Structures are given as structure tokens and as C-alpha cells.
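Understanding the architecture of this molecule
Below, each chain spelled out in residue letters.
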Amino acid sequence: MCGGRGSRLGDETEKPLRAIAGRPMVDRVLDALAESRIAATHAVVSPHATRTRAHLAERATDSPSPPVVDAPGNGYVADLQYAMDAVDAGGDPLLTVAADLPLLDGAAVNAVIDAARAADGDSLTVCVPAARKRELGVSADATTAIDGREVVPAGINVVGTGDREANDADGDGGAVHLTDDVRIAVNVNYPSDARTAERLLKHDVTQPPVDGSVDHHTDQ
């Protein structure tokens with residue numbers, strides 16, 4: 001999903017094109033998907049992200065670029081539903097990923113795929129404890145409570161064939177996967193988030209978390 005304006009980031013750059021450590025976030029996420037076991041990738045843009053669409057076309061001249069879905073720009077959930085209707089997944093579950101996860105890598109994507117396969121059903125909502133995000137120094141907007149814990153949707157989910165309705169397009173159906181993994185915990189919504197992401201990228205965050213992190217499922 002790479003059709004956002006990025007107004008909270010405070011400049012004219014479209015959100016997917018915001019550079020983190022010298023590279024646009026959308027490129028970092030596409031590279032992570034290319035490294036993973038995902039069979040095919042589609043980039044969902046909108047009228048709010050015309051420069052992102054042009055960037056994807058330019059990227060195709062140097063490396064494989066995914067097919068583009070031109071969503072109407074009616075909001076994240078509506079555009080996601082539009083994209084799911086437009087893509088022929090052949091009955092397979094769909095992995096949905098926001099373009100604001102610059103620390104994501106192929107191993108983290110594969111971990112989400114494995115968690116979805118291990119869960120009941122074929123849909124999975126990935127969340128991060130709000131306390132973990134605050135510990136890392138990133139924003140924790142849109143919190144919700146699961147099993148008495150304050151959590152934040154991570155922006156990466158698996159949507160099964162039975163949950164492709166508008167109310168479930170953003171990952172509100174099926175099981176919940178709760179993780180502290182820094183690669184999934186850092187969404188860039190504000191300039192302070194971008195600074196934190198760049199700081200973390202100076203360290204090796206490509207390995208799974210080993211310092212007291214949590215990784216488990218629950219049913220919604």
C-alpha cells in the first residue's frame with residue numbers, strides 16, 4: 001500500500017518516497033517482499049501519490065517492479081478493498097503491507113507468513129504492544145486493547161479468502177499475532193519516527209529480537 005500523502009511528515013514528499021537512510025521507504029519494503037517467500041507483489045497507488053507511481057515506473061528500468069494497481073484514493077481501507085478486488089489471487093490469502101515500514105526485511109515477512117499458517121483460519125492481524133513502540137521512541141497512534149494490553153496495528157496483515165469484505169480488509173478478522181520485533185514495530189508517520197528509523201538502521205536490526213521480545217497469537 002503506497003498511496004498515502006504523508007501530511008504528518010511535514011514536507012511535500014509523498015509518504016512512500018520519504019527517504020530513510022538515503023532510500024525511499026517504498027523501495028525498502030519492495031526489497032523486503034522480494035527477499036521473502038511472497039509469490040507476487042502489487043503496488044497500490046492513488047491519485048495522492050502520483051510521484052510514487054512515477055518512481056515505480058523508473059524503478060522498473062533498473063530492477064523488476066511490481067504491477068501497479070491504481071486505487072481511487074478514498075482512504076486506506078477503501079483502497080485496500082479496491083486492490084483486493086482487482087488482484088486475482090487464485091483463492092490464496094493476501095499479505096497486505098503499508099509502505100511505512102522501512103526496517104522490514106524478507107525474514108520478518110516470512111515470520112508473518114508462518115504465523116498466519118500456524119493460526120486458526122487463514123487471516124492474521126499483526127499488532128505491536130504500544131509499550132514496545134514507546135520504548136523504541138516511535139509514535140503509537142490508533143491503539144486498541146487485546147487481552148487487556150494496549151496494542152497498535154502494525155500495517156502488515158494476512159487477509160484470507162473468507163475475510164475479503166470491506167470491514168475486514170484492514171486486518172480486523174481472524175487471529176491476532178502480537179510481536180515486539182523491531183522490524184515490524186517501526187512505522188514512520190512523523191519526522192521523529194523517521195529519525196528513530198534512521199538511528200535503528202545504523203545498528204543491525206535484521207535479526208529477530210532476542211531481548212525479552214514476545215511473539216504469540218490470540219483469537220479475536
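Small disclaimer: the values here were computed from a predicted structure and weren't measured.

Looking at the packing of helix H1 (residues 25-35) against helix H2 (residues 50-59)
Between two packed helices, what matters for the description is the angle formed by their axes and the separation of those axes. At a minimum axis distance of 11 Å, the contact between H1 and H2 shows a crossing angle of 50°. What the angle tells us is that H1 and H2 run oblique. In the crossing of H1 with H2, the sense of the turn from one axis to the other is right-handed. When H1 is examined against H2, the residues Val 26, Asp 27, Leu 30 and Asp 31 are found in contact with a partner set consisting of His 55, Leu 56 and Arg 59. Taken together, the residues of the contact of H1 with H2 break down into three nonpolar, one polar and three charged.

Some words on the nonpolar core
Of all hydrophobic cores here, the largest spans 34 residues; its most connected members are Leu 104, Leu 124, Ile 156, Ile 184 and Val 186. Within the residue set of this core, elements represented by two or more residues are H1, helix H4 (106-118), strand S6 (124-129), strand S8 (149-159), helix H6 (182-185) and helix H7 (191-201). Considering each element in turn, this core owes the most residues, six residues, to H4. Residues Met 1, Val 69, Ala 83 and Met 84 belong to the second largest nonpolar core, which totals 11 residues.

A closer look at the pattern of salt bridges
Tallied over the full model, the rule gives 12 salt bridges. Across the pair Lys 15 and Asp 100 runs a salt bridge whose closest N-O atoms are separated by 3.1 Å. Linking Lys 15 in the segment before strand S1 (19-20) with Asp 100 in the loop between strand S5 (94-97) and H4, this pair joins segments that are 85 residues apart in sequence. Residues Asp 70 and Arg 53 are paired through a salt bridge, measuring 2.7 Å at the closest nitrogen-oxygen approach. One end of the pair, Asp 70, is in strand S4 (residues 68-70); the other, Arg 53, is in helix H2, and 17 residues separate them in sequence. Classification of Asp 70 as partly exposed rests on a relative accessible area of 41%. Connected through shared salt-bridge partners, Arg 23, Asp 27, Asp 31 and Arg 59 make up one network.

About the criteria used
- Residues numbered from 1 in each chain as written.
- Predicted model: local features only at pLDDT ≥ 70, side-chain atom pairs only at ≥ 80, totals over all residues.
- Heavy atoms only, no water.
- Axes fitted to C-alpha atoms, helices over the stretch in contact; angles between N-to-C directions.
- Helix = DSSP H or I, 4+ residues; strand = E, 2+ residues; numbered from the N terminus.
- Parallel < 35°, antiparallel > 145°, perpendicular 65-115°, else oblique.
- Left-handed = near helix turned anticlockwise from the far one by under 90°.
- Contact = heavy atoms within 4.5 Å.
- Nonpolar A, V, L, I, M, F, W, Y, C, P; charged D, E, K, R; others polar.
- Core = buried A, V, L, I, M, F, W, Y, C linked by side-chain atoms within 4.5 Å.
- Buried < 20%, exposed > 50% of the residue type's maximum accessible area, 1.4 Å probe, protein only.
- Salt bridge = Lys/Arg side-chain N within 4 Å of Asp/Glu carboxyl O.

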